[in-house]
Amino acid sequence: QVQLVESRGGLVQTGGSLRLSCAASGRTFSTYVMGWFRQAPGKEREFVSLISRSGAYTYYSDSVKGRFTISRDNAKNTVYLRMNSLKPEDTAVYYCAAGITTSSARAEDYTYWGQGTQVTVSS
């Protein structure tokens, strides 16, 4: 019954930065593991990052490690994805997701999904 609403993405030049946010409804936001996934045209949805319930643990895919930062503010029921040093290959629709299982990089382990937001990186 959790609803996830993502902020608007945007058009960014190569090397630029952008922050995405995802606001969740409900009273139990802190009980969910939160993740970010992305899907480029013609490709499968891929894992980007996740953050534990307390925010103490984070994990990133190799393709974004060192460039992206995930964070959460449980008081605001919001998870963020800060994207730095963006590359054209980062162009995709980005989805936030909430899971009730142990931290996982598998999309199938997430129950609730945001509507998706387009991020385009121009060269």
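Higher on the page you've got the structure.
Conventions and cut-offs
- Residues numbered from 1 in each chain as written.
- Predicted model: local features only at pLDDT ≥ 70, side-chain atom pairs only at ≥ 80, totals over all residues.
- Heavy atoms only, no water.
- Salt bridge = Lys/Arg side-chain N within 4 Å of Asp/Glu carboxyl O.
- Helix = DSSP H or I, 4+ residues; strand = E, 2+ residues; numbered from the N terminus.
- Buried < 20%, exposed > 50% of the residue type's maximum accessible area, 1.4 Å probe, protein only.
- Disulfide = S-S within 2.5 Å.
- Phe/Tyr/Trp six-rings, centres within 6.5 Å; stacked < 30°, edge-to-face > 60°.
- Lys NZ or Arg CZ within 6 Å of the ring centre and 35° of its normal.

Enquirer: I'd love a proper account of the pattern of salt bridges, names of residues and values included.
Expert: Inspection of the entire model under this criterion finds 5 salt bridges. In this structure, Asp90 and Arg67 form a salt bridge, with 2.8 Å as the shortest nitrogen-oxygen distance. Within this pair, whereas Asp90 is found in the loop between strand E8 (78-83) and strand E9 (92-99), its partner Arg67 is found in the loop between strand E6 (58-60) and strand E7 (68-73), the two being separated by 23 residues in sequence. Here Asp90 and Arg67 have matching classes, each one buried.

Enquirer: Describe the state of the cysteines, with residues and values.
Expert: For the structure on display, the rule yields 1 disulfide. The disulfide that involves Cys22 links it to Cys96, with 1.9 Å between the sulfurs. Because the sign of the S-S torsion sets the handedness, a value of about 50° for the bond joining Cys22 and Cys96 places this disulfide among the right-handed ones. Taken as a pair, Cys22 in strand E3 (residues 18-24) and Cys96 in strand E9 lie far apart in primary sequence, 74 residues in all.

Enquirer: Could you give an account of the packing of aromatic side chains, with specific residues and numbers?
Expert: Taken as a whole, this structure holds 6 aromatic pairs when the rule is applied. Between Phe37 and Phe47 the ring centres are 5.7 Å apart and the planes differ by 75°, which places this aromatic pair in the edge-to-face class. Placement of Phe37 in strand E4 (residues 33-39) and of Phe47 in strand E5 (residues 46-51) is noted, with a sequence separation of 10 residues between them. In this structure, Phe37 and Phe47 share a single accessibility class: buried. The class for Phe37 is buried, based on a relative accessible area of 1%. Above the ring of Trp113, the side-chain terminus of Arg45 is found at 4.8 Å from the ring centroid. Above the ring of Phe29, the side-chain terminus of Arg72 is found at 4.6 Å from the ring centroid.

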